Structure formats: structure tokens, C-alpha cells
Amino acid sequence: PESEPKSIVLGEEIGRLAGRVAGALQGMDHPAMKWTWDWDLRQATRVAGDLRTYLPSSRLTLCDAAVRYLAQHFYPVLPQLREGMIHGDLNDTNLLFNAERQV
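Counting restarts for each chain, with residues numbered from 1 along the sequence as it is written. Local features in this predicted model are restricted to residues of pLDDT 70 or higher, and side-chain atom pairs are both shown and tallied only at a pLDDT of 80 or more, whereas totals for entire chains, interfaces and linings draw on every residue. Side-chain numbers come from the whole structure's heavy atoms, not from hydrogens or water.

A. Main features of the environment of Arg 52. The numbering of helices and of strands both runs from the N terminus, where a helix is a DSSP run of H or I of at least 4 residues and a strand a run of E of at least 2. Checked against the element boundaries, Arg 52 lands in the loop between helix H2 (44–51) and helix H3 (57–74). A sequence separation of twelve residues divides Arg 52 from Asp 64, and the C-alpha atoms of the two residues are 9.1 Å apart. Leave out the neighbours within four places in its chain, and Arg 52 touches Leu 60, Cys 63 and Asp 64. Polar contact is defined as a pair of N or O atoms within 3.5 Å, subject to the rule that within protein one atom must be able to donate a hydrogen and the other to accept it, and that residues adjacent in sequence are counted only when both atoms are side-chain atoms. Within polar-contact distance, the side chain of Arg 52 engages the side chain of Asp 64 at 2.4 Å. Should any heavy atoms of two residues lie within 4.5 Å, those residues are considered in contact.

Written as C-alpha cells, this is what we have:
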């Protein structure tokens, strides 16, 4: 609607685009899907361990709590979750817009 701030309208439009892209990628298989990526939540425990060296001591407790949470709540249900390719970084700095700021 015309009365909504542009940032809300833009966010909704990017969300719709993300949904269309996810739908288009559904069922896709590619060798890169088997690679190990640090941003894959399945790698969170390893990544957190690697980051401990760089974290200030004030953040270690939070980091450890996050790893414990994943171990208790995420990893047990991981085998039941769907897996697929996504574009995880759609935002207003890496999309093309027309003069009306439409994607």
C-alpha cells in the first residue's frame, strides 16, 4: 500500500523474491551442497570452537551456552529437517531495482 514506509514495502518484496528463489531451487542437487561451509549450522560446534581463540573472555560464556543449546535442541532433530540449496543473502545491496525501487 502507498501509505507504508518504503523500507517495509521493499522488505516484503525481497521476502517474496526469496520465496520464489527458494521454490525454484527446491530439489536442486549440486556437488557444492556436500562441501563444508562455516555458515552451515551443522558446523556450529566446530566453528564455535575455532572462534573461542578470538573471543574476549566476556563472550565465552555466551558462546558456550549457544553450543549447548544447539546440542540440546538442534542436533537431535537435524536428521528430520529438510535440506536444500538457498540464496541466503538477498538484500538491497545485491539486487537490481528499477526507478521505483522495485526488485
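That was the structure; now back to the text.
B. Seen up close, the packing of aromatic side chains. Planes of paired rings set the category: under 30 degrees apart is stacked, over 60 is edge-to-face and the rest tilted, where pairs are Phe, Tyr or Trp rings (Trp by its six-membered ring) whose centres lie within 6.5 Å. Enumeration over the complete set of coordinates arrives at three aromatic pairs. Ring centres 5.6 Å apart and planes at 40 degrees place the aromatic pair Trp 35 and Trp 37 in the tilted group. Residue classification places Trp 37 among the partly exposed positions, given a relative accessible area of 30%. A connected cluster of aromatic rings, assembled from ring pairs, spans Trp 35, Trp 37 and Trp 39. In this scheme, a residue with accessible area under 20% of its type's maximum is buried, one over 50% is exposed, and one in between is partly exposed, where area comes from a 1.4 Å probe on protein chains only.

C. Broad picture of the confidence of the model for the protein. Per-residue confidence from the predictor is reported as pLDDT, a score between 0 and 100. Confidence along the protein averages 87 in pLDDT terms, with 94% of residues attaining 70 or more. The least confident element of the protein, judged by mean pLDDT, is helix H1 (residues 6–25) at 87; the most confident is H3 at 94.

D. Structural context of a nonpolar patch on the surface. Excluding any residue in a salt bridge, patches collect residues exceeding 30% relative accessible area, merging like charges within 9 Å and nonpolar Val, Leu, Ile, Met, Phe, Trp and Tyr side chains within 5 Å. Only the protein chains shown count as cover for residues, and the accessible areas themselves come from Shrake-Rupley with a 1.4 Å probe. Counted as salt bridges are all cases of a side-chain nitrogen of Lys or Arg within 4 Å of a carboxyl oxygen of Asp or Glu. Residues Trp 35, Trp 37 and Trp 39 make up a contiguous nonpolar surface patch of roughly 420 Å² in combined accessible area. Structurally, Trp 35 can be placed in the loop between H1 and H2.

E. Local environment of the pattern of salt bridges. In the structure shown here, the tally under the stated rule is six salt bridges. Residue Glu 83 pairs with Arg 42 through a salt bridge whose shortest N-O separation is 3.3 Å. Of the two residues, Glu 83 sits in the segment after H3 while Arg 42 sits in the loop between H1 and H2, which places them 41 residues apart along the sequence. For Glu 83, a relative accessible area of 55% corresponds to the exposed category. Among the ionic pairs, Asp 64 bridges to Arg 52, the shortest N-O distance being 2.4 Å. Of this pair, Asp 64 sits in helix H3 while Arg 52 sits in the loop between H2 and H3, placing them twelve residues apart in sequence. Taken together, the shared-partner salt bridges in this structure form one network comprising Asp 38, Arg 46 and Asp 50.

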